Amino acid sequence: MTDNHRTVRLFRLRRLPAWSLVAAGVVAGGLLGVEYGVVKPPTYTATSYVVAVPTAKSDAASAQGFAQAYGRAATQLAVLGDAQMWAGVPVDTLRESVRTATSPDAPIVSVSATATRPVQAADMANAVAEALTRHAADTADQTHVKLLQFSRALKPSAPSSPSVEVTGLVGASAGGLVGALALLARPRRRPEEAARPASVPGPAVAADAHGRL
């Protein structure tokens, strides 16, 4: 690109209205967000719950502590290796799709699974919860805490992924932000390009005009 072309482009950028960059960013970002929402397949999330129950040799505080520990152990290879048989998917899929959470106030572990098919999401959540309760049962004589199925995961009726409207709105917001940043980095007008004041006749010109009068 020659220096002349570069100068013309910079001049055109300076001539654009200030709001044009932000508006262009909003439109472009919104279109990209809508396209993403249309192309990306919807995902579904199902959640199963298990509860830690103390035996006669334990108490509620111990159950609460073991619930926290079992929540961390649910996504370990030993549990996922057993769960893959009931879920019908590889261990890597379970590791990527399954998340657990615990409550600071109750000895409950939630096992959530996300998939592109509702049935598969429910199957994975229930499989990991079942495998976790079996592992807890194997060590119940030492821990004095059992895990029981509190609520099985049901097939979700609606996707958990953002809708096209939401992705479009997020894209428009991000595009507007990029446009605003571009506006801050927009080339400024040089001092010599600013509007010059009207020229005033010099002394010689003024004197000559006075003589003719």
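Residues numbered from 1 in each chain as written. Predicted model: local features only at pLDDT ≥ 70, side-chain atom pairs only at ≥ 80, totals over all residues. Heavy atoms only, no water.

Engineer: I would appreciate a short explanation of the overall build of the protein chain in the present structure.
Structural biologist: When you go through the protein chain residue by residue, the secondary structure sums to 9 helices and 4 strands. Helices and strands appear in the protein chain in the N-to-C order α-α-β-α-α-α-β-β-α-α-β-α-α. In the protein chain, which comprises 213 residues, the share counted as buried stands at 31%. The long-range fraction of contacts in the protein chain, counting pairs at least 24 apart against all pairs at least 6 apart in sequence, stands at 78%. (Helix = DSSP H or I, 4+ residues; strand = E, 2+ residues; numbered from the N terminus. Buried < 20%, exposed > 50% of the residue type's maximum accessible area, 1.4 Å probe, protein only. Contact = heavy atoms within 4.5 Å.)

Engineer: Looking at this structure, how should I read the packing of helix α4 (residues 77-87) against helix α6 (residues 118-138)?
Structural biologist: Helices that pack against each other are described as a pair by the angle of their axes relative to one another and the distance between those axes. Two elements in contact, α4 and α6, have axes whose closest approach is 8 Å; the angle formed by their N-to-C orientations is 130°. Here α6 runs oblique to α4, going by the angle between their axes. Our pair here, α4 against α6, has a crossing hand that is right-handed. Along the contact surface, α4 presents Ala78, Val79, Leu80, Asp82, Ala83, Trp86 and Ala87, while α6 presents Asp123, Met124, Ala127, Val128, Glu130, Ala131, Leu132, Arg134 and His135. Split into classes, the residues belonging to the contact of α4 with α6 amount to 11 nonpolar, 1 polar and 4 charged. (Axes fitted to C-alpha atoms, helices over the stretch in contact; angles between N-to-C directions. Parallel < 35°, antiparallel > 145°, perpendicular 65-115°, else oblique. Left-handed = near helix turned anticlockwise from the far one by under 90°. Nonpolar A, V, L, I, M, F, W, Y, C, P; charged D, E, K, R; others polar.)

Engineer: Just to check I follow, could you spell out α4 for this structure?
Structural biologist: Because each turn of an α-helix spans 3.6 residues, side chains separated by three or four positions in sequence point in the same direction. Among all positions of α4, only Val79, Leu80, Gly81, Ala83 and Ala87 are buried. Among the structural elements, α3 (60-73), α5 (91-97) and α6 are those in contact with the buried residues of α4. Just downstream of α4, Gly88 is the residue with a positive phi angle, here 75°.

Engineer: Help me out: how do you make sense of the sheet that holds strand β3 (residues 108-115) in this one?
Structural biologist: Neighbouring strands of a sheet are bound in pairs by backbone hydrogen bonds; such pairs are parallel or else antiparallel. Taken in spatial order, the 4 strands make up an open sheet running β2-β3-β1-β4, and their pairing is antiparallel. The two strands at the open ends of the sheet, each matched to only one other strand, are β2 (98-102) and β4 (145-151). For this sheet, the mean inter-axis angle between neighbouring strands, taken without regard to orientation, is 25°. Note: β2 against β3, 5 bridges, orientation antiparallel. Across the sheet, residue Thr102 finds its bridge partner in β3, namely Val109. (Pairing = 2+ DSSP bridges.)

Engineer: Sorry, what's going on with the pattern of salt bridges here?
Structural biologist: Should the charged atoms of two oppositely charged side chains come close, the side chains can pair. The tally for this structure, following the rule as stated, stands at 2 salt bridges. For Glu130, the salt bridge identified is with Arg134, shortest N-O distance 3.1 Å. In this pair, Glu130 and Arg134 are both assigned in helix α6, 4 residues apart and thus about one turn of the helix distant. A residue is classified by how much of its surface remains accessible, and Arg134, at 45% relative accessible area, is partly exposed. (Salt bridge = Lys/Arg side-chain N within 4 Å of Asp/Glu carboxyl O.)

Engineer: Help me understand the nonpolar core in this model?
Structural biologist: Side chains of nonpolar character tend, in soluble globular proteins, to be buried together. If you look at the biggest cluster of nonpolar residues, it comprises 32 residues, and the most contacted ones within it are Leu94, Met124, Val128, Leu132 and Leu147. Residue assignment for this core shows that the elements contributing at least two residues are β1 (44-54), α3, α4, α5, β3, α6 and β4. Looking at this core element by element, the count peaks at 10 residues for α6. Beyond its immediate stretch of four places on either side in the chain, Val128 contacts Ala74, Val79, Leu80, Ala83, Leu94, Val98 and Val111. (Core = buried A, V, L, I, M, F, W, Y, C linked by side-chain atoms within 4.5 Å.)

Engineer: In this structure, what is going on with the confidence of the model for the protein chain? I would like to understand it.
Structural biologist: When pLDDT drops low, the exact placement of atoms in the prediction is not to be read closely. Mean pLDDT for the protein chain: 77, with 57% of residues reaching 70 or above. The spread of mean pLDDT over the elements of the protein chain runs between helix α9 (residues 203-212), the lowest at 52, and β3, the highest at 95. (pLDDT = per-residue confidence, 0-100.)

Engineer: Looking at this structure, how should I read the environment of Lys155?
Structural biologist: Within the element layout of this structure, Lys155 appears in the loop between β4 and α8 (164-184). Distance in space between the C-alpha atoms of Lys155 and Thr47 is 9.3 Å, their sequence separation being 108 residues.

Engineer: Would you mind going over the environment of His144 with me for this structure?
Structural biologist: With respect to the helices, strands and loops of the structure, His144 is situated in the loop between α7 (140-143) and β4. Not counting chain neighbours up to four residues away, the residues in contact with His144 comprise Val53, Pro54, Thr55, Lys57 and Ser58.

Engineer: Sorry, what's going on with the side chain of Ser48 here?
Structural biologist: Within the fold, Ser48 resides in strand β1. A polar side-chain atom of Ser48 sits 2.8 Å from a polar atom in the side chain of Gln149. What Ser48 contacts, discounting residues up to four positions off in sequence, is Val109, Ser110, Val111, Ala125, Asn126, Ala129, Gln149, Ser151, Arg152 and Ala153. (Polar contact = N/O pair within 3.5 Å; in protein donor to acceptor, adjacent residues only side chain to side chain.)

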